[in-house]
Amino acid sequence: MTLPKKVEYRYFDREVETLSVEELHVLQLERLQSALARADQNECYHRKFQEQGLSPTDLRYLEDLQRFPFTTKEDILTNYPTGLMACAPVDVVRYHMSSGTTGKPKVIPYTPQDIKTWAQLMARTLAAVGITAEDVVQNCYGYGLFTGGLGFHYGAEALGATVIPSGAGSTERQIQTMLDMGTTVITCTPSYAIHLGETLQARGIQPQDLRVRIGHHGAEPWTEQIRQRIEALWGFAGKGGGAYDIYGLSEMCGPGVATECQAQEGLHLWADHFIPEIIEPQSGEPLRPGERGELVLTSITREAMPLIRYRTGDITSILPEPCPCGRTHPRMERIAGRADDMLIIRGVNVFPSQIEHVLMERAELASAYLIVVDRRQAMVELSVQVEPQVGTTLSEDFQAHLERVLQTKLGLRCTAEIKQAGELPRFEGKAKRVQMIE
Ligand SMILES: [Zn+2]
């Protein structure tokens, strides 16, 4: 993307964001050593390290991190609720919880310093997409145990912006609020940005009737095609803004681990707080820059629960080239999917995002879709339910054509089912795009 000349890349803390790679490594090493020492105070970590014959003082170079064992979701869950905590309960000022698909949630504790660090990281993250103290941020992420609401809230306040904590849902109220309050930034999942945008369109509200110029979207993987749709629906480009991807997970703090900058060419991962590695998911072997695999993160400034080599389950790669914005923190490509979300259909690996990519290339299709995996027979069947844009009639051979394209792109047979406009579900929070029939 070429930015108009008048747009200057914005920074929150230019000095930290543009440290030389060597300076960044010195800082990482120092912080990693103290994170390991802190983790070692936890009984479970201490045992894990001992089993490998390791102690925190064995880490003398950054590369030594690879000798330490991984931490997994199961480690957090088997030590439910707070067995991995590295501080006294009295030092905790907040717990968030991240609901899994089954059973107990992951409990994430924060010390006062953890909350401060997170707010500063989020302020930096928001500034990276061009948000300033002048902005009015309507925060449509859910408030509560989920980290989205409070993460954006504290970050926007730390930046000095005006926050409207409108929370998830209540689309009519959201629209009235943005009209009345002159909202300039919306923060929500990409699927809700589409739903809100379509509702505005249906109400005859034009982008120029609104001041919204930036959308900051995360909590689910999304594609470049969805970005283009959001930007067109909201008319962001004409206002010098855009729709930007943000990445985080509650185990690390919440949102604010990585974000796109105004260049929209990958997400800067804040390496003064998190050390990234990319591994081959099956073998655990490290992969090189540019190679796609599972993201592993070590939190090096967390006090309440530092996690060492935490397997995120998210599939991405580290982009080797420097970013035009001047930030030196490494960039990752947008998340292709979660290792857990990968569908294995008749021996072929398929990420839902690959299907979304094919569907959203077709301008005549609406943004809502549903992937159905039918496992009732020995031969697993994959079908995709789509619907036309409002007021669009699909050609007679559209279905057959779409099936051919899907087969070519995915490398397996897939049925397309055409629904009526508006028939498929819309989402106010995280979208559920895959339905399993067992
Ligand atoms: Zn950049």
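Residues numbered from 1 in each chain as written. Predicted model: local features only at pLDDT ≥ 70, side-chain atom pairs only at ≥ 80, totals over all residues. Heavy atoms only, no water.

1. Considerations on unusual backbone geometry
Stated formally: Put simply, DSSP H or I for four residues or longer makes a helix, DSSP E for two residues or longer makes a strand, and each gets a number counted from the N terminus. For every residue, the accessible area (1.4 Å probe, protein chains only) is compared with the maximum for its type, and the residue is labelled buried under 20%, exposed over 50%, or partly exposed between those bounds.
Note that the residue after Tyr-80, namely Pro-81, is joined by a cis bond; omega there is -5 degrees. Position of Pro-81 among the secondary structure elements: in the loop between helix H4 (73-78) and strand S1 (94-98). Positive phi, close to 75 degrees, is recorded for Ala-219, a residue that is not glycine. By secondary structure assignment, the location of Ala-219 is in the loop between strand S6 (214-217) and helix H9 (224-234). Its relative accessible area of 37% is what places Ala-219 among the partly exposed residues. Phi is positive for Gln-264, close to 55 degrees, though the residue is something other than glycine. Here Gln-264 is to be found in the loop between strand S8 (254-260) and strand S9 (267-269).

2. Section: helix H5 (residues 112-128)
Let me state the cut-off plainly: A helix is expected to reach a length of 1.5 Å times the quantity of its residues less one.
In this model H5 runs 25 Å from its N-terminal to its C-terminal C-alpha over 17 residues, within 8% of the 24 Å that 1.5 Å per residue would give. In terms of residue burial, H5 counts as a mostly covered element, since 13 of its 17 residues are buried. Within two residues after H5, Gly-130 carries a phi angle of roughly 100 degrees, on the positive side.

3. Quick word on the coordination of the zinc ion
What counts, and what does not: Ligating atoms shown are N, O and S within 2.8 Å of the metal, or 3.2 Å for Na, K and Ca, and water is not included, meaning a site may look less than complete. By the criteria applied here, four donors are tetrahedral when all angles lie between 85 and 135 degrees, four are square planar and six octahedral when opposite donors are over 155 degrees apart and every other angle lies between 65 and 115, and any other arrangement is irregular.
Listed as protein donors to the zinc ion are Cys-261 (SG), His-268 (NE2), Cys-323 (SG) and Cys-325 (SG); their distances from the metal cover 2.1 to 2.3 Å. Note that the zinc ion binds 4 donor atoms; their angles at the metal cover 101 to 115 degrees, and the shape is tetrahedral. Positions of the donor residues of the zinc ion along the chain correspond to the pattern C-x6-H-x54-C-x1-C. Residue classification places Cys-323 among the buried residues on the basis of a relative accessible area of 8%.

4. Details of a nonpolar patch on the surface
In plain terms, the rule: Candidate patch residues must exceed 30% relative accessible area and have no salt bridge, after which like charges are joined if within 9 Å and Val, Leu, Ile, Met, Phe, Trp or Tyr side chains if within 5 Å. Accessibility throughout is a Shrake-Rupley quantity obtained with a 1.4 Å probe, and a residue counts as covered only by protein chains that appear here. One speaks of a salt bridge when a side-chain nitrogen belonging to Lys or Arg is within 4 Å of a carboxyl oxygen belonging to Asp or Glu.
Judged by side-chain polarity, Tyr-95, Met-97 and Leu-145 come together as a nonpolar surface patch covering roughly 260 Å² of accessible area. Along the chain, Tyr-95 falls in strand S1. Residue class for Tyr-95 comes out partly exposed when judged on its relative accessible area of 35%.

5. Quick word on the layout of surface pockets
Which entries qualify depends on this criterion: Here a cavity denotes grid points, spaced 1 Å and computed from the protein atoms alone, that fit a 1.4 Å probe unable to get out, and a pocket denotes an open set having protein on both sides within 12 Å along at least 5 of 7 lines; residues with an atom within 4 Å of a point are the lining. Grid points are joined across faces, edges and corners, and a volume is the space filled by probe spheres set on the points. Side-chain classes follow a simple rule in which Ala, Val, Leu, Ile, Met, Phe, Trp, Tyr, Cys and Pro form the nonpolar group, Asp, Glu, Lys and Arg form the charged group, and the remainder, Gly included, forms the polar group.
Reported here for the second largest pocket is a volume of approximately 820 Å³. His-25, Gln-28, Pro-276, Ile-318 and Pro-330 are, among the 29 residues lining the second largest pocket, the residues nearest its centre. Those elements that provide at least two residues to the lining of the second largest pocket are helix H2 (21-40), strand S10 (274-279) and strand S13 (318-319). Considered class by class, the residues forming the lining of the second largest pocket number 17 nonpolar, 6 polar and 6 charged.

6. Topic: the side chain of Thr-71
As a reminder of what qualifies: Note on definitions: a residue-residue contact is assigned when non-hydrogen atoms from the two residues lie within 4.5 Å.
Here Thr-71 shows up in the loop between helix H3 (43-51) and H4. Judged by its relative accessible area of 1%, Thr-71 is buried. Setting aside its immediate chain neighbours within four residues, Thr-71 contacts Tyr-45, Lys-48, Leu-84, Leu-307, Ile-308, Arg-309, Tyr-310 and Arg-311.

7. Overview of the pairing of strand S7 (residues 242-249)
Short version of the rule: Two strands are said to pair when DSSP picks up at least two bridges between them. Throughout, right-handed denotes a crossover for which the path from the first strand over the helix to the second runs clockwise when the strands point away from the viewer.
Of all the 8 residues making up S7, 7 are buried; the element is thus mostly covered by neighbouring parts of the structure. Here S6 pairs with S7 via 4 bridges, running parallel. What sits directly across from Gly-215, in S7, is Ala-243. Read from S6 through H9 to S7, the crossover connection turns out right-handed. Two elements, S7 and S8, share 4 bridges in a ladder whose sense is antiparallel. Bridge pairing links Leu-249 to Gly-254 in S8.

8. Some points on the domain arrangement of the protein
We count it as follows: Boundary definitions for the domains trace back to an automatic or database domain assignment. Simply put, the buried area is the total loss of 1.4 Å probe accessible area from both parts when two parts are fitted together. Counting of polar contacts relies on pairs of N or O atoms within 3.5 Å, with two restrictions inside protein: one atom must be capable of donating a hydrogen and the other of accepting it, and residues adjacent in sequence are counted only when both atoms are side-chain atoms.
Looking at the protein, the domain boundaries give domain 1 (1-339) and domain 2 (343-437). Taking only C-alpha atoms, the centre of domain 1 and the centre of domain 2 are 29 Å apart. Taken together, the contacts link 22 residues of domain 1 with 20 residues of domain 2. With both chains or domains summed, domain 1 and domain 2 bury close to 1600 Å², and 49% of this area falls on carbon and sulfur atoms. Ranking the residues of domain 1 by area buried against domain 2 places Glu-198, Gln-225 and Arg-229 at the top, with a combined share of 34%. Applying the counting criterion to the domain 1 and domain 2 interface returns 1 salt bridge. Residues Arg-426 and Glu-198 are paired through a salt bridge, measuring 3.5 Å at the closest nitrogen-oxygen approach. The tally of links from domain 1 across to domain 2 stands at 10 residue pairs in polar contact (both at pLDDT 80 or more). Only helix H8 (190-202), H9 and strand S15 (337-338) provide two or more residues apiece to the side of domain 1 that touches domain 2. The greatest single-element share of the side of domain 1 that touches domain 2, amounting to 5 residues, is contributed by H8. Class assignment for the residues of the side of domain 1 that touches domain 2 results in 9 nonpolar, 9 polar and 4 charged.

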